[in-house]
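Report on the structure
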Amino acid sequence: MHYAHLGRSGLKVSRLALGTMNFGDVTDEATSFKIMDAAVDAGINLFDTADVYGGPQSPDMKQGYGLSEEIIGHWLAQGGGRRDQVVLATKLYQPMGPGPNDKYLSAYKIRRSVEASLLRLQTDHIDLYQMHHIDRSTPWEEIWQAMEQLVREGKITYVGSSNFAGWQIATAQNAAANRHFMGLVSEQSVYNLTARTVELEVIPALRHYGIGLIPWSPLGGGLLGGVLQKIENGRRASAQMQQTIERYRPQLEKYEALCAEIGAQPADVALAWLLHNPVLTAVMAGPRTPEQLAASRRALDVHLSDDTLRRLDEIWPGPGGEAPEAYAW
């Protein structure tokens, strides 16, 4: 396993992170335990979850929510040094109840959310506490004051963001600097060969502030995992996936042909392309089975030549570079 610093922090995390959104939903607890055991055995130390993961959620918000955290907590409770082997990351923001203060990022919500997550995770601290989305109605003075208090109490160690725009990252960091607080160390954004918008302003902002990128949906919802080959081998795709495949079919045909030419699986090439970006800290794998986790590890050994990278850009063109050069003279 390879490791990298989490942004500009001194903390080192595995370049392949374990995403646990499937835990409690499509993956039961016993299988989730096997996946986490396999992850640790493989040297993966960054485990990522969220308070809202674990569906399907009931309309009254009394079932489903928090199941992923609970499963991780049950695994950690087995002991054997498990807690010391992982960098534990979770998130807050999404509604966790029907009340007006059961969502977003008020200091009130932050306090309640961290206490609830600690109980579900059966631990006394969260290593990386991430804001799942931007809260446009809560001032940064309030958010950072609440986060600083949690750091002082030892309940969280680092703070991260997810789904932030570039200017929001800049605003957050400037507010943190004024308080002599470290601010953000990581950002989770959707990023893959089919979704490259973050190259315009998010990635430049992350590079400037020393914030590590952790892409989610690295395979484009399965589109980059050899979907055409799987269909040829008899697998069925959902109606929505079939529509997406037809939309991208010309590119997918070129992409899978290129992967076959260089002797690598499409999923491995997609992950390796992400890992080639120096701003990226780790790529998020969200396996449903131990076998899928094992397959994701292959990407760490895939080397993409300059010619292959150029051809990938031709097949999956980005926004044209960074702003403003991408759209201005």
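Residues numbered from 1 in each chain as written. Predicted model: local features only at pLDDT ≥ 70, side-chain atom pairs only at ≥ 80, totals over all residues. Heavy atoms only, no water.

So, about the packing of helix H1 (residues 29-41) against helix H2 (residues 67-76). A pair of packed helices is captured by two measures, namely the crossing angle of their axes and the spacing between those axes. Between H1 and H2, the shortest axis-to-axis distance is 10 Å and the interhelical angle comes to 60 degrees. Judged on the interaxial angle alone, H2 and H1 are oblique. Handedness of the crossing formed by H1 with H2: right-handed. Here Glu 29, Ser 32, Phe 33, Met 36, Asp 37 and Val 40 of H1 lie close against H2, whose contacting residues are Ile 71, Ile 72, His 74 and Trp 75. Residues that form the contact of H1 with H2 fall into these classes: 6 nonpolar, 2 polar and 2 charged. (Axes fitted to C-alpha atoms, helices over the stretch in contact; angles between N-to-C directions. Helix = DSSP H or I, 4+ residues; strand = E, 2+ residues; numbered from the N terminus. Parallel < 35°, antiparallel > 145°, perpendicular 65-115°, else oblique. Left-handed = near helix turned anticlockwise from the far one by under 90°. Contact = heavy atoms within 4.5 Å. Nonpolar A, V, L, I, M, F, W, Y, C, P; charged D, E, K, R; others polar.)

The geometry of helix H4 (residues 107-121) relative to helix H5 (residues 140-152) is characterised by a closest axis approach of 9 Å and an angle of 30 degrees between their N-to-C directions. What the angle tells us is that H4 and H5 run roughly parallel. Of the two possible hands of crossing, H4 and H5 adopt the one that is right-handed. Contacts between H4 and H5 involve Ala 107, Ile 110, Arg 111 and Val 114 from the former and Glu 142, Ile 143, Ala 146, Met 147, Gln 149 and Leu 150 from the latter. When the residues that make up the contact of H4 with H5 are grouped by side-chain class, the tally is 7 nonpolar, 1 polar and 2 charged.

Looking along the chain, the bond that leaves Ala 323 and enters Pro 324 is cis, with omega of 0 degrees. With respect to the helices and strands, Pro 324 occurs in the segment after helix H12 (306-315). If you check the backbone angles, Gln 122 has positive phi at about 55 degrees while not being a glycine. Note on placement: Gln 122 falls in the loop between H4 and strand E6 (126-131). Backbone geometry places Asn 163, a non-glycine residue, at a positive phi of 65 degrees. With respect to the helices and strands, the residue Asn 163 is situated in the loop between strand E7 (156-162) and helix H6 (166-178).

Counting across every chain of the model gives 8 aromatic pairs. When the centroid spacing of 5.0 Å and the interplanar angle of 45 degrees are considered together, the rings of Tyr 93 and Tyr 104 count as tilted. Taken as a pair, Tyr 93 in the loop between strand E5 (87-92) and H4 and Tyr 104 in the loop between E5 and H4 lie far apart in primary sequence, 11 residues in all. On the accessibility criterion, Tyr 93 (12% relative accessible area) is buried. Judged by relative accessible area, which is 32%, Tyr 104 ranks as partly exposed. On the numbers, 6.0 Å between centres and 70 degrees between planes, the contact of Tyr 255 with Trp 316 is edge-to-face. Taken as a pair, Tyr 255 in helix H9 (residues 239-262) and Trp 316 in the segment after H12 lie far apart in primary sequence, 61 residues in all. We classify Tyr 255 as buried; its relative accessible area is 0%. Using a relative accessible area of 2% as the deciding quantity, one classes Trp 316 as buried. A network of ring pairs unites the aromatic residues Trp 140, Trp 144, Phe 164 and Phe 181 as a single cluster. (Phe/Tyr/Trp six-rings, centres within 6.5 Å; stacked < 30°, edge-to-face > 60°. Buried < 20%, exposed > 50% of the residue type's maximum accessible area, 1.4 Å probe, protein only.)

Below, the discussion takes up the side chain of Arg 120. In this structure, Arg 120 sits in helix H4. Relative accessible area serves as the criterion here: at 17%, Arg 120 is assigned to the buried category. Excluding residues that lie within four positions of it along the chain, Arg 120 makes contacts with Asp 51, Gly 66, Glu 69, Glu 70, Gly 73 and Met 96.

What follows is about the nonpolar core. Counting residues in hydrophobic clusters, the biggest one holds 82 residues, and the most contacted among them are Phe 47, Met 131, Trp 144, Met 147 and Tyr 255. Apart from residues lying up to four places away in sequence, Met 147 is in contact with Leu 92, Ile 110, Tyr 129, Met 131, Ile 156, Val 159 and Phe 181. Ranked by size, the runner-up nonpolar core spans 12 residues in total, among them Leu 6, Val 185, Ile 214 and Met 284. (Core = buried A, V, L, I, M, F, W, Y, C linked by side-chain atoms within 4.5 Å.)

The terminal C-alpha atoms of H6, which comprises 13 residues, lie 19 Å apart, in line with the 18 Å expected from a rise of 1.5 Å per residue. Against the buried residues of H6 lie H5, strand E8 (184-190) and helix H7 (202-209). At the exit of H6 stands His 180, carrying a positive phi of roughly 60 degrees. (Expected span 1.5 Å × (residues − 1).)

The computed volume of the largest pocket comes to approximately 1,500 Å³. Considering the residues around the largest pocket, the lining is formed by 46 residues, among which Leu 219, Gly 221, Gly 222, Gly 286 and Gln 292 are closest to the centre. When residues of the lining of the largest pocket are traced back to their parent elements, those giving at least two are helix H8 (227-232), helix H10 (266-275), strand E10 (283-285) and helix H11 (290-296). Per-class residue counts for the lining of the largest pocket are 17 nonpolar, 20 polar and 9 charged. One number sums up the size of the second largest pocket: a volume of about 260 Å³. In this structure, the second largest pocket is lined by 13 residues; those nearest its centre are Tyr 191, Glu 199, Trp 273, His 276 and Asn 277. At the level of elements, H7, H10 and H12 are the ones that each hand at least two residues to the lining of the second largest pocket. Of the residues assigned to the lining of the second largest pocket, the class counts are 7 nonpolar, 2 polar and 4 charged. (1 Å grid on protein atoms, 1.4 Å probe; cavity = no way out; pocket = protein on both sides within 12 Å on 5 of 7 lines; lining within 4 Å. Points joined across faces, edges and corners; volume = space filled by probe spheres on them.)

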